[in-house]
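Below are the chains, spelled out letter by letter.
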Amino acid sequence: MTGQSLLAWISAAITFGTVIMFGCIGETLNEKAGGLNLGTPGVMMLGGIASLAGAFFYENAVTAPNPLICVIISLLCCLLACSLAGLLYGFFTITLRANQNVTGLTLTMIGTGIANFFGGSLVKLSGGVGQINVAVTSKAFKVGIPVLSTKLGIVSKLLFDYGWLTYVVLAMAFRMQYFFNKTRTGLNLRAVGENPATADAAGINVTKYKYAACTIGSAIAGIGGLYYVMDYVKGTWSNDSGIEALGWLAVALVIFTSWKPANATWGAYLFGFCYWVYLYIPSGISNVLMKFFKVQRSTYMQNLYKMIPYLVTIVVLILVSSRKKRENQAPASLGISYFREDR
């Protein structure tokens, strides 16, 4: 593998890892309050299309789009759409006490359908596939750290030549860890996820914390979809379900990190490396594997390689389920509706 190929692999892994990390942090916040939102992939799809639509209509309405306004509009559209999706999930699971698994899966299907419908509409409005033009917004999100992204040679390429949201999510992961462990609000939220009846008896507003967690968590997860659209696909729309696939990896990463957001800072990038490994496996190893599996075409081997991140996910789930320490387990009331009258 050449140095250039290695840099390309690292860059792709960090880009995808950032998308996964946003989804993981948002879902972790939700699950810490006892909500199992399997609608995270759909929420991330909504975040991607909402941000793209906002930027598209703004850039096409003015002759000289302002990059700062582009960023603000796309972020606000993303946060609004995903917060509403989180509120919808909360209404069904907290107020109506619907089954969380079914509600989450339904939200994923609805979010994916809405995103692809409006994505296709934007493609038609712009004149065809690849014609959506939000270059100003995309460029604004791809801005790296000033000076450091250009002045340190290979170090800049490895560490600082990524969109600024990459560094925002790293700070967010550590801040979320501090929030859960060191702040009164974070400890109250964890109490709601562990034993809502006891938290209620202690005077903690269980409903408020659950609604806040699912709404804010969905908004954070949705930024992952925005990052995918604005950074990876450079401000256009693709119906390849790439965001949805990364959303499911984000849900798995929550378990991999043992519900500790700080662990996502390396776990997400590990998943990112696994996601792209099929493009960078040396030809010698590929030839040996083709002979071992009796595969005649390299494209078939690529399909096997693409299974690696999901196989890693399965292995991770098995290993995590074998952990015995309480601090590595899920919140005790995760996925369970709270009935106050049963207290």
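Above this text you will find the structure in question.
Predicted model only: the values in this text are computed from it and were never measured.

A. Region of the structure containing the pattern of salt bridges. If you walk through the whole model with that rule in mind, you get one salt bridge. Linking K142 and D231 is a salt bridge whose minimum nitrogen-to-oxygen distance equals 3.9 Å. On the criterion of sequence distance, the pair formed by K142 in the loop between α5 (135–141) and α6 (148–151) and D231 in helix α11 (residues 206–232) is long-range, its members being 89 residues apart. Residue K142 is classed as partly exposed on the basis of its relative accessible area of 36%. Under the relative-accessibility criterion, D231 is labelled buried at 9%.

B. Quick peek at the packing of aromatic side chains. The tally for this structure, following the rule as stated, stands at 15 aromatic pairs. Judged by centre distance (6.2 Å) and plane angle (50 degrees), the ring pair of Y232 and W276 falls under tilted. Taken together, the positions of Y232 in helix α11 and W276 in helix α13 (residues 264–276) put the pair 44 residues apart, joining distant regions of the chain. Residue Y232 is classed as partly exposed on the basis of its relative accessible area, which comes to 30%.

C. Highlighting unusual backbone geometry. Even without being glycine, S258 reaches a positive phi, approximately 60 degrees. Here S258 is to be found in the loop between α12 (242–256) and α13. In this structure, W259 is a non-glycine residue whose phi angle is positive, near 60 degrees. Along the chain, W259 falls in the loop between α12 and α13.

D. Region of the structure containing the side chain of Q100. Summarising the element assignment, Q100 is placed in helix α4 (residues 100–126). Among the residues examined, Q100 registers a relative accessible area of 6% and is labelled buried. Not counting chain neighbours up to four residues away, the residues in contact with Q100 comprise G34, G35, L36, Y89, T93, G335, I336 and S337.

E. Summary view of a nonpolar patch on the surface. Together, L304, M307, L311, I314 and I318 line one region of the surface with nonpolar side chains, adding up to about 450 Å² of accessible area. If you tally residues by element for the nonpolar patch, the top one is helix α16 (residues 308–321), at three residues. For I314, the position within the fold is in helix α16.

F. The environment of Y178, seen in detail. Within the fold, Y178 resides in helix α8 (residues 164–182). In sequence terms Y178 and A262 are 84 residues apart; their C-alpha atoms lie 9.0 Å from each other.

G. A look at the packing of α8 against helix α9 (residues 184–194). At a minimum axis distance of 5 Å, the contact between α8 and α9 shows a crossing angle of 75 degrees. Relative to α9, the element α8 is oriented roughly perpendicular. Judged by residue contacts, F179, F180, N181 and K182 of α8 engage R184, T185, G186, L187, L189 and R190 from α9. Taken together, the residues of the contact of α8 with α9 sort by class into four nonpolar, three polar and three charged.

H. Broad picture of the environment of W237. Note on placement: W237 falls in the loop between α11 and α12. Taking relative accessible area as the criterion, W237 reaches 7% and is therefore assigned buried. Sequence separation between W237 and F118 is 119 residues, and the spatial gap between their C-alpha atoms is 9.7 Å. Among residues more than four places away in sequence, those in contact with W237 are M45, G48, I49, L52, A115, N116, G119, G120, I132, V229 and I243. In this structure the side chain of W237 is engaged in a polar contact, spanning 2.8 Å, whose partner is the side chain of N239.

About the criteria used
- Residues numbered from 1 in each chain as written.
- Predicted model: local features only at pLDDT ≥ 70, side-chain atom pairs only at ≥ 80, totals over all residues.
- Heavy atoms only, no water.
- Salt bridge = Lys/Arg side-chain N within 4 Å of Asp/Glu carboxyl O.
- Helix = DSSP H or I, 4+ residues; strand = E, 2+ residues; numbered from the N terminus.
- Buried < 20%, exposed > 50% of the residue type's maximum accessible area, 1.4 Å probe, protein only.
- Phe/Tyr/Trp six-rings, centres within 6.5 Å; stacked < 30°, edge-to-face > 60°.
- Contact = heavy atoms within 4.5 Å.
- Patch = residues over 30% accessible without salt bridge, like charges linked within 9 Å, V, L, I, M, F, W, Y side chains within 5 Å.
- Areas by Shrake-Rupley, 256 points an atom, 1.4 Å probe, with all protein chains shown as cover.
- Axes fitted to C-alpha atoms, helices over the stretch in contact; angles between N-to-C directions.
- Parallel < 35°, antiparallel > 145°, perpendicular 65-115°, else oblique.
- Nonpolar A, V, L, I, M, F, W, Y, C, P; charged D, E, K, R; others polar.
- Polar contact = N/O pair within 3.5 Å; in protein donor to acceptor, adjacent residues only side chain to side chain.

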